[in-house]
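Take a look at the letters that make up each chain.
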Amino acid sequence: MELATFKGGIHPAEGKELSKEKPMRELKPGKELVYPVSQHIGAPAVPNVAVGDMVQVGQKIAEAGGFISAPVIASVSGKVKKIENRVLANGNTALCIVVENDEQYTKAKGVGEKRDYRKLSKEQIREIVKEAGIVGLGGAGFPTNVKLTPKDDSKIDYVIINGAECEPYLTSDYRMLLEQPERVVEGLKIELQLFERAQGIIAIENNKPDAIAKLEQLVAQESRIKVCPLQTKYPQGGERFLIYAVTGRKINSSMLPADAGCVVSNVDTAAAIQMAVCESTPLIRRIITVTGNAIKEPQNFIVPTGICYQELLDAAGGLTCEPEKIVNGGPMMGKAMFRLDVPVTKNSTALLALTKDEVSAMEPSACIRCGRCVSVCPGHIVPQMLYDVAVHGEAEQFEKLNGMECCECGSCTFVCPAKRNLTQAFAQMRATVMANRKKK
Amino acid sequence: MSHMLNVSCAPHVRSKDTTHSIMFDVAIALLPTTAFGIFHFGYRALIIMLVSIVACVGTEYLYQRGMKQKITIEDGSALVTGMLLGLNLSVEVPWWIPLLGGVFAILVVKQLFGGLGQNFMNPALAARCFLLISFAGRMTRFSCDGVSGATPLALLKNGEQVNVMDLFLGFIGGTIGEVSALAVLIGAAYLVWRKVISLRIPLVYIGTFALFVLLFGGHGFDFSYLGAQLFGGGLMLGAFFMATDYVTSPITPNGQIVFGVMLGILTGIFRIFGASAEGVSYAIIFCNMLVPLIERVTLPIAFGKEKTENGK
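Just so it is clear, the model here is predicted, and its values are computed rather than measured.

Observations concerning a nonpolar patch on the surface
All names here are of chain B.
- Among the surface-exposed residues, L211, L215, F216, I257, V261, I265, I269 and F273 lie close enough to one another that they form a single nonpolar patch of about 720 Å² accessible area.
- Taken together, the elements giving at least two residues each to the nonpolar patch come down to helix 10 (200-216) and helix 13 (253-273).
- Sorting elements by how many residues they give to the nonpolar patch places helix 13 first, with 5 residues.
- Given the relative accessible area of 36%, I257 is considered partly exposed.

And the structure:
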């Protein structure tokens, strides 16, 4: 069978073998949990608790700050110690609600109650998802209820579960698909209930054959759901390329998946929807892969939000050697961290500790115009030409050469034999253009 | 943690390919035809190759030293230029010809225009054409098995017959590297296998040229004439090793097709209607100069920007 895919892309070393076989392990939080009010795309949430208040597991501690926003939910019970600015994993500073864990794990009223989603109306489901603070757990953190509320429900033809997990090293989606596939499928069924005309597709890269087999078996009786194996290639899980691979429809950077009749959810997001709707448990945990060649025992954790990255590292046995780099996320798009005393948020995906890589440390040299960047670019742009205008700050020319279509996947930088920092230049230029647009 | 972490932008991993590894792959791919040239023409071919390589690498070294630039001879690009220049010379040339050619290729064509990646023509071919114009007599004296004689293409031009099998294997007169189509193809297969080159330019080039010969060659569908045109002269070496030169060929996929078509047509015009029997070198350096134009009109359409979208 021809595997679904897109044109371009790269095949970096997978590195998934480090943590692939390790079952998800639940991690107990420490004494102090930190909840930033901004762990999603959109307006920051607004705290609805004050210092000294007691909070419970599953209690909302900050309200959504606008239409595109999401509430923040406490993952432990205890006392609100401080509400202050703290540094986050991405280096930014944001208002954080600090809760002292009383280790009682007292649940808020109603949390954990079973519900039958079939008896719920569309509005009820959307309200539950919204109040549960669910955002896209693939890393972008777009509020899920906004995604699930397009202008016209009947225009949605496909609900796609993104199980590509194309970033090297990451295995959290894989473990979820393997260990709790029923959750994912039920999450998808809840989404399908919102879009009566849509077909459900679970898209998985073919480097996870056991996950594909398991899901296929599980949905064999479901008329509205099918499993779509994808060619293993980075960035296969990029939303636009996933939609194209699965449906043949193309969207550009200024369009939404709904414009192509699609709703795309990450594997863990679907699981979070299921937990919120069927088990009345809001988003208070996520799955994180702690891995890399400098980690003693690479593995996958079910982690309460608000926990500190240092605790993750300790739980994985610590480091085997001095790492060169610690990355929040995968090696292709993750952000390098400069400290570990920062909280895990809804949009954290992995903690990666890498040792010194000879190739990455090489000095950039002259472009030999080999064209590798052009052939791998999934956005069909010409990184080689774009680079020159980006480093010279020529915003107009940058947009003309489709610089804003760049998804910053890093494929061009990965293949460049001259080791030029292409993506890095584009990211900077894109940020400048975006900021200028806002000014206007 | 006791030491500072390296904080840089994503991506944090890179492929193993480097400029150095690519250039050495090209050098390896040129070995079969170099070896055949030395076997066929004798030790003089080896001397010409060595002088050419030393001239290119030496010029690059001295220029960068003199200009207080970073010395980049270890990237292997000057080595490849030297090999290509040597392979493009007749074994009959005096020793100072490759020396002069090497200095011209690196100094004038490459370094004065900004060094690696900035030259607007293939340095080896530009040097060959410079030598051809300056020393026409010396550059076009060919021999085979110690006997001076015309190249198969020249014979063909005069209406004589040639043995296609000899042409393919390389037991003919010509420049050191162009005689054996087989040896060139072995090297080309290595480059394709190593993913150093794509077949887009060479196949379009050779295909267009073959079509041109069939249409305008005046011999109709005569296999031996077509075969002689394809395997005689520098077409194979030019198509696989020089038209595919990264720096001087278009970077856009469609541009590469346009480039190949133009090369095929120009080579056909030069060979069939021109005064000289050969035309590959001139066709390539001429098209080299059109590359910026070709790229400008063949920019790919960004993903999702196509107008024919369903509903949109």
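Points about the pattern of salt bridges
All names here are of chain A.
- Inspection of the entire model under this criterion finds 28 salt bridges over all chains.
- Across the salt bridge formed by K147 and E239, the nearest N and O atoms sit 3.7 Å from each other. With a gap of 92 residues between them, K147 in helix 2 (residues 144-147) and E239 in helix 6 (residues 239-247) connect regions that are remote in the sequence.
- With relative accessibility at 30%, the residue E239 sits in the partly exposed group.

Quick word on the sheet that holds strand 5 (residues 60-63) of chain A
- Pairing is antiparallel across the open sheet formed by 3 strands, whose spatial order is 3-5-6 (chain A). In the strand order of this sheet, the two ends are held by strand 3 (46-47) and strand 6 (72-73) of chain A, each with one partner.

Observations regarding the pairing of strand 5 of chain A
Residues and elements named next belong to chain A.
- In terms of strand pairing, strand 3 meets strand 5 through 2 bridges, oriented antiparallel. Across the sheet, residue V46 finds its bridge partner in strand 5, namely E63.
- As defined by bridge partners, strand 5 adjoins strand 6 across 2 bridges and the pair is classed as antiparallel. Among the inter-strand pairings, A62 is bridged to a residue of strand 6, identified as V72.

Things to note about the confidence of the model for chain B
Residues and elements named next belong to chain B.
- For chain B, per-residue confidence averages 90 on the pLDDT scale, and 96% of positions sit at 70 or higher.
- Scored below 50 in pLDDT, residues 308-312 makes 5 contacts in the model with residues more than four places away or belonging to other chains.
- Here the predicted complex carries an ipTM of 0.90, next to a pTM of 0.91.

Topic: the nonpolar core
- Membership of the largest hydrophobic core comes to 83 residues, with the highest contact counts inside it found for L30, L230, M236, F240, F241, F259 and L263 of chain B.
- With 8 residues, the single largest contributor to this core is helix 1 (residues 19-41) of chain B.
- If we ignore the near neighbours within four places in the chain, the residues touching F259 of chain B are I201, A243, T248, S249, P250, C287, N288, V291 and I294 of chain B.
- In this structure, I134, A270, A271 and V277 of chain A belong to the second largest nonpolar core, which totals 48 residues.

Focus: the environment of F113 of chain B
- Secondary-structure assignment places F113 of chain B in the loop between helix 4 (96-110) and helix 5 (123-134).
- Beyond its immediate stretch of four places on either side in the chain, F113 of chain B contacts V108, Q118, N119 and F120 of chain B.

What to know about helix 1 of chain B
Residue and element names in this part refer to chain B.
- With 23 residues, helix 1 should cover 33 Å at 1.5 Å per step; its first-to-last C-alpha distance of 32 Å lies within 8% of that length.
- In helix 1, a bend of some 35° at L31 exceeds every other bend along the element, and P32, a proline, comes one to four places later.
- One or two positions beyond helix 1, positive phi appears at G42, with a value near 95°.

Brief notes about the interface of chain B and chain A
- Between chain B and chain A, the residue contacts involve 44 residues of the former and 62 residues of the latter.
- Of the roughly 4600 Å² buried between chain B and chain A on both sides combined, carbon and sulfur atoms contribute 59%.
- Here chain B and chain A share 3 salt bridges between them.
- For R372 of chain A, the salt bridge identified is with D17 of chain B, shortest N-O distance 3.7 Å.

A closer look at the sheet that holds strand 1 (residues 25-26) of chain A
All names here are of chain A.
- In space, the 6 strands of this open sheet follow the order 1-14-13-17-15-16, with mixed pairing throughout. Strands at the two margins of the open sheet, each flanked by one partner only, are strand 1 and strand 16 (335-337).
- By the bridge criterion, 3 bridges tie strand 13 (residues 285-291) to strand 17 (residues 350-354) in an arrangement that is parallel. Across the sheet, T289 pairs through a bridge with A350, a residue of strand 17.
- The strands touched by helix 3 (residues 172-179) are strand 13 and strand 14 (299-304); relative to strand 13, the strand with the most contacts, the crossing angle is about 125°.

Description of the packing of aromatic side chains
- Per the counting criterion, the structure on display carries 13 aromatic pairs over all chains.
- On the basis of an interplanar angle of 80° and a centroid distance of 6.3 Å, the ring pair of F212 of chain B and F273 of chain B is categorised as edge-to-face. A residue pair is termed long-range when its members are at least 10 positions apart, and F212 of chain B in helix 10 and F273 of chain B in helix 13 qualify at 61 residues.
- A relative accessible area of 9% means that F212 of chain B is categorised as buried.
- A relative accessible area of 54% places F273 of chain B in the exposed class.
- Taken together, the ring pairs connect F6, F241 and Y244 of chain A together with F303 of chain B into an aromatic cluster.
- Over the ring of F6 of chain A we find K233 of chain A; its NZ or CZ atom is 4.5 Å from the centre of that ring.

Scoring rules and cut-offs
Residues numbered from 1 in each chain as written. Chains lettered and ligands numbered in written order. Predicted model: local features only at pLDDT ≥ 70, side-chain atom pairs only at ≥ 80, totals over all residues. Heavy atoms only, no water. Patch = residues over 30% accessible without salt bridge, like charges linked within 9 Å, V, L, I, M, F, W, Y side chains within 5 Å. Areas by Shrake-Rupley, 256 points an atom, 1.4 Å probe, with all protein chains shown as cover. Salt bridge = Lys/Arg side-chain N within 4 Å of Asp/Glu carboxyl O. Helix = DSSP H or I, 4+ residues; strand = E, 2+ residues; numbered from the N terminus. Buried < 20%, exposed > 50% of the residue type's maximum accessible area, 1.4 Å probe, protein only. Pairing = 2+ DSSP bridges. pLDDT = per-residue confidence, 0-100. Contact = heavy atoms within 4.5 Å. Core = buried A, V, L, I, M, F, W, Y, C linked by side-chain atoms within 4.5 Å. Expected span 1.5 Å × (residues − 1). Bend = angle between axes of the 7 residues up to and from the residue. Buried area = accessible area lost by both parts, 1.4 Å probe. Axes fitted to C-alpha atoms, helices over the stretch in contact; angles between N-to-C directions. Phe/Tyr/Trp six-rings, centres within 6.5 Å; stacked < 30°, edge-to-face > 60°. Lys NZ or Arg CZ within 6 Å of the ring centre and 35° of its normal.

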